[in-house]
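So the chains spell out like this:
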Amino acid sequence: MSAVDLGMPSLPHAPRGVGHLRGDRSFPDAARESLRDGQLRANLGHATSTIRAKRKAVVDEVPDWAELREAGRAIKAATMARLDEHLVALEEQVTARGGTVHWARDAEEANEIVIRLVQATGTDEVVKVKSMATQEIGLNEALEAAGIAAHETDLAELIVQLGEDTPSHILVPAIHKNRAEIREIFLRTMPQFQEQGVDADLTDEPRRLAMAARAHLRERFLRARVAISGANFAVAETGTLAVVESEGNGRMCLTLPRTLITVMGIEKVVPTWRDLEVFLQLLPRSSTGERMNPYTSLWAGVTPGDGPQEFHLVLVDNGRTAVLADEVGRAALHCIRCSACLNVCPVYERAGGHAYGSVYPGPIGAVLSPQLTGVEDNASLPYASSLCGACYDVCPVAIDIPSILVHLRAEHVEAQERTTPEAVAFRALAKAMSTPRLWRLAQRAAGLGRLLSRGKPTLPAALPPPASKWTRTRDLPTPPRETFTQQWVRERGR
Ligand code: SF4
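Procedures and definitions
Residues numbered from 1 in each chain as written. Predicted model: local features only at pLDDT ≥ 70, side-chain atom pairs only at ≥ 80, totals over all residues. Heavy atoms only, no water. Helix = DSSP H or I, 4+ residues; strand = E, 2+ residues; numbered from the N terminus. Rg over C-alpha atoms; globule rule 2.2 N^0.38 Å. Buried < 20%, exposed > 50% of the residue type's maximum accessible area, 1.4 Å probe, protein only. Contact = heavy atoms within 4.5 Å. Areas by Shrake-Rupley, 256 points an atom, 1.4 Å probe, with all protein chains shown as cover. Lys, Arg positive; Asp, Glu negative; His and termini not counted. Charge placed at Lys NZ, Arg CZ, Asp CG, Glu CD. Patch = residues over 30% accessible without salt bridge, like charges linked within 9 Å, V, L, I, M, F, W, Y side chains within 5 Å. Salt bridge = Lys/Arg side-chain N within 4 Å of Asp/Glu carboxyl O. Pairing = 2+ DSSP bridges. Axes fitted to C-alpha atoms, helices over the stretch in contact; angles between N-to-C directions. Near = heavy atom within 4 Å. Nonpolar A, V, L, I, M, F, W, Y, C, P; charged D, E, K, R; others polar. Core = buried A, V, L, I, M, F, W, Y, C linked by side-chain atoms within 4.5 Å. Polar contact = N/O pair within 3.5 Å; in protein donor to acceptor, adjacent residues only side chain to side chain. Parallel < 35°, antiparallel > 145°, perpendicular 65-115°, else oblique. Left-handed = near helix turned anticlockwise from the far one by under 90°. Phe/Tyr/Trp six-rings, centres within 6.5 Å; stacked < 30°, edge-to-face > 60°. Lys NZ or Arg CZ within 6 Å of the ring centre and 35° of its normal.

### Here we look at the overall build of the protein
Here's step 1: Each helix and strand in the protein was counted, giving 24 helices and 10 strands.
Here's step 2: A compact globule built from 494 residues should have a C-alpha radius of gyration of about 23 Å, and the protein, at 26 Å, falls within 12% of that.
Here's step 3: Relative to its full complement of 494 residues, the protein shows a buried share of 47%.
Here's step 4: Considering only contacts within the protein whose residues lie at least 6 apart along the sequence, 74% involve residues at least 24 apart.
Here's step 5: Put simply, the protein shows about 24900 Å² of open surface, and 54% of that area lies on carbon and sulfur atoms.
Here's step 6: For the protein, the distance from the average position of its 57 positive side-chain charges to the average position of its 60 negative side-chain charges is 10 Å.

Right, dumping it as structure tokens:
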């Protein structure tokens, strides 16, 4: 029985009109367009197969990976069961070490808090460490509206920002761009190339592109008085925040500016350092295919004379408590954003991240976004999957994404007020399958399809409307010469 059945108010979802959890089109419409982009498919195919191979190699060398994975799952489940207590403990520890904790009910409140904190410093620009939470709440747009420039410092985020694009992958936001496209963006937008234009001495060699980005960013790192980050984990027992990254831009942002503001979803808390140890082993192997992250930055509160002298932690709900209330769906909050599920997903690899319309694409996005917004605001996403189960197999915290997808599909179907043709068809099928005489008649009728197939494995003709919606994108197999029941009777005589 749900809270609504008991007459209790339902928990709030992420509000509309702010942030990036809802697309302006359904998944099938957006995917149809991206499937026509051959360059996008080539870029994605190359990038995901490379990361897949790296991940597999480093995971296979860990003899107790299955046990480690189970430990990650168990820690997350136990943490979610007492999330309120861990968050209060985290607040006490951060405060005791000189930081300030702010609680934001949703994206609007979180943006307001951050804007107020930045304005209090008197600056009109900030540097940012790559953060899914700040993308989710649309922080950059809110800062811009308040006259504050936000400079992304992660290389891929920088490419996306300079290209006025949107991220399409959790870990590699510019995965849909190739080297030549990145060179063109840099030439067009970086001040150091403005005078030279297309004649600038910049090739699409990765090293040269990285050097151009470094020169562009270095000046901003040194100038910035405020940095904004996300957090991969927060250790409740000591109030320690953790950011893992590969480029060193995070370390610069977390240490150079005077003020540091960290925006974190409430599910990122872990109770103890021993728990953190498990995730620091699971995450790098699953995400970048590395044995450990090149940069792991850890800090607690402020240290006089060392690093930022003002630290604010903004804890964001934005629909997470509603997800937590769902016994099946809450496992989506266990996600450590490694992106392994994206890299193995056949749907993501073909449709690309933009088709999901949310900052969270791929299998995890298909279960997380609809829960944060309410299923009806993202109703097509639970269907953006073939349910092959590859996402579950690679997930380092064993989130059973296929089961959550099916659960959300059921929720969507139950919410429909109109009877759909699909519902009518399945009701008729249920009736036929539960009545032996009807079922035999249906099988005999289906056998007529053999005449139409003329010996081919699939029928050439599409079904008439409304069943044509089914056959438009699927082959209709030719019915077998003999049904299972007939074969059983023939072989066993009853
Ligand atoms: S659902 Fe699992 S595999 Fe996918 S991003 Fe989250 S932790 Fe990684």
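### Digging into a nonpolar patch on the surface
Here's step 1: Where nonpolar side chains cluster on the molecular surface, the patch consists of Phe426, Leu429, Met433 and Trp439 and spans about 400 Å² of accessible area.
Here's step 2: Take the nonpolar patch: its biggest share by element is 3 residues, from helix α20 (residues 421-433).
Here's step 3: Accessibility expressed as a relative area gives 53% for Met433, which makes it exposed.

### Examining the sheet that holds strand β6 (residues 240-245)
Here's step 1: Strand order in the open sheet formed by 4 strands is β8-β5-β6-β9, and the pairing between neighbours is mixed. One side of each edge strand has no neighbouring strand; the edge strands of this open sheet are β8 (269-270) and β9 (295-300).
Here's step 2: Inspection of the sheet shows strand β5 (residues 233-235) paired to β6 by 3 bridges, in the antiparallel sense. Within the sheet, the bridge partner assigned to Ala234 lies in β6 and is Leu241.
Here's step 3: Relative to β5, helix α13 (residues 273-287) is tilted by about 160°, and along the sheet it contacts β5, β6, β8 and β9.

### Focus: the site of the ligand
Here's step 1: What surrounds the ligand is the set Cys335, Ile336, Arg337, Cys338, Ser339, Cys341, Ile364, Cys395, Pro396, Val397, Ile399 and Ile401.
Here's step 2: When grouped by side-chain class, the residues that make up the shell around the ligand number 10 nonpolar, 1 polar and 1 charged.

### Considering the nonpolar core
Here's step 1: One finds Phe27, Leu90, Phe186, Leu241, Leu313 and Ile364 to be the most contacted residues of the largest nonpolar core, which totals 105 residues.
Here's step 2: Contact partners of Leu241, with chain neighbours within four places excluded, come to Val94, Ala231, Phe233, Ala234, Thr262, Met264, Ser297, Leu298, Trp299, Phe311 and Leu313.
Here's step 3: Ranked by size, the runner-up nonpolar core spans 23 residues in total, among them Ala107, Ala142, Ile261 and Val263.

### What about the pattern of salt bridges?
Here's step 1: Throughout the structure, instances matching the rule amount to 23 salt bridges.
Here's step 2: Residue Glu152 is joined to Lys128 by a salt bridge in which the shortest nitrogen-to-oxygen separation is 2.9 Å. On the criterion of sequence distance, the pair formed by Glu152 in strand β3 (residues 149-152) and Lys128 in strand β2 (residues 125-128) is long-range, its members being 24 residues apart. Each member of the pair, Glu152 together with Lys128, is buried.
Here's step 3: What you see here is one network of salt bridges that share partners, running through Glu125, Glu219, Arg220 and Arg223.

### What to know about the environment of Arg409
Here's step 1: Take Arg409: it is sitting in helix α19 (residues 401-415).
Here's step 2: Residues Arg409 and Ala351, 58 residues apart in the sequence, show an inter-C-alpha distance of 20 Å.
Here's step 3: Sequence-distant contacts of Arg409, that is, excluding residues within four places in its chain, are made with Pro382, Tyr383, Ser385 and Leu387.
Here's step 4: Within the structure, Arg409 has its side chain in polar contact with the backbone oxygen of Pro382 (distance 2.8 Å).

### Brief notes about the packing of helix α3 (residues 65-81) against α13
Here's step 1: Remark: α3 packs on α13, axes separated minimally by 10 Å, with the N-to-C direction vectors making an angle of 120°. As judged from the angle between their axes, α3 and α13 are oblique. The two elements α3 and α13 meet at a crossing, and its hand is left-handed. Across the interface between the two elements, Trp65, Leu68, Arg69, Ala71, Gly72, Ile75 and Lys76 of α3 pack against Asp275, Val278, Phe279, Gln281, Leu282, Arg285 and Ser286 of α13.
Here's step 2: Taken together, the residues that form the contact of α3 with α13 break down as 7 nonpolar, 3 polar and 4 charged.

### Here's the deal with the packing of aromatic side chains
Here's step 1: Taken as a whole, this structure holds 5 aromatic pairs when the rule is applied.
Here's step 2: Pairing Phe233 with Phe279 gives two aromatic rings, centres 5.6 Å apart and planes at 20°, and the pair type is stacked. Separated by 46 residues along the polypeptide, Phe233 in strand β5 and Phe279 in helix α13 bring together distant segments of the chain.
Here's step 3: In this structure Phe233 comes out as buried when scored by relative accessible area, which is 1%.
Here's step 4: Owing to a relative accessible area of 0%, Phe279 belongs among the buried residues under this scheme.
Here's step 5: Judged by centre distance (5.9 Å) and plane angle (85°), the ring pair of Trp299 and Phe311 falls under edge-to-face. A residue pair is termed long-range when its members are at least 10 positions apart, and Trp299 in strand β9 and Phe311 in strand β10 (residues 310-316) qualify at 12 residues. Both residues of the pair, Trp299 and Phe311, count as buried.
Here's step 6: When the ring centre of Tyr392 is taken as origin, the NZ or CZ atom of Arg69, which lies over that ring, is 5.5 Å away.

### Let's talk about the pairing of β6
Here's step 1: Of all 6 residues in β6, 6 are buried, a share of seventy percent or more.
Here's step 2: Residue alternation in β6 divides its side chains into two sets, Thr240, Ala242 and Val244 and Leu241, Val243 and Glu245, and both sets are buried.
Here's step 3: By the bridge criterion, 6 bridges tie β6 to β9 in an arrangement that is antiparallel. Its bridge partner being in β9, Thr240 is matched across the sheet by Ala300.

### Observations regarding the environment of Tyr392
Here's step 1: Mapped onto the secondary structure, Tyr392 falls in helix α18 (residues 390-394).
Here's step 2: By relative accessible area, Tyr392 is classed as partly exposed at 32%.
Here's step 3: Sequence separation between Tyr392 and Met80 is 312 residues; the distance between their C-alpha atoms is 20 Å.
Here's step 4: Ignoring anything within four residues of it in the chain, the contact list for Tyr392 reads Arg69, Ala398, Ile399, Asp400 and Pro402.

### Quick word on the sheet that holds strand β1 (residues 100-104)
Sheets are built from strands paired through backbone hydrogen bonds, the pairs being either parallel or antiparallel.
Here's step 1: Reading across from one edge, β1-β10-β7-β4-β2-β3 is the order of the 6 strands in this open sheet, with parallel pairing throughout. On the outer flanks of this sheet lie β1 and β3, each paired with one strand and no other. When the angles between neighbouring strand axes are averaged without regard to direction, this sheet yields 25°.
Here's step 2: Pairing analysis gives 7 bridges linking strand β7 (residues 259-265) to β10, with the strands arranged parallel. From the neighbouring strand, Thr262 faces β10, where its bridge partner is Leu313.
Here's step 3: Relative to the sheet, helix α4 (residues 83-96) contacts β1, β7 and β10, its axis offset from that of β1 by approximately 145°.
Here's step 4: Each of β1, β2, β4 (226-229), β7 and β10 is contacted by helix α5 (residues 107-121), which is oriented at about 145° to β1, the strand it contacts most.

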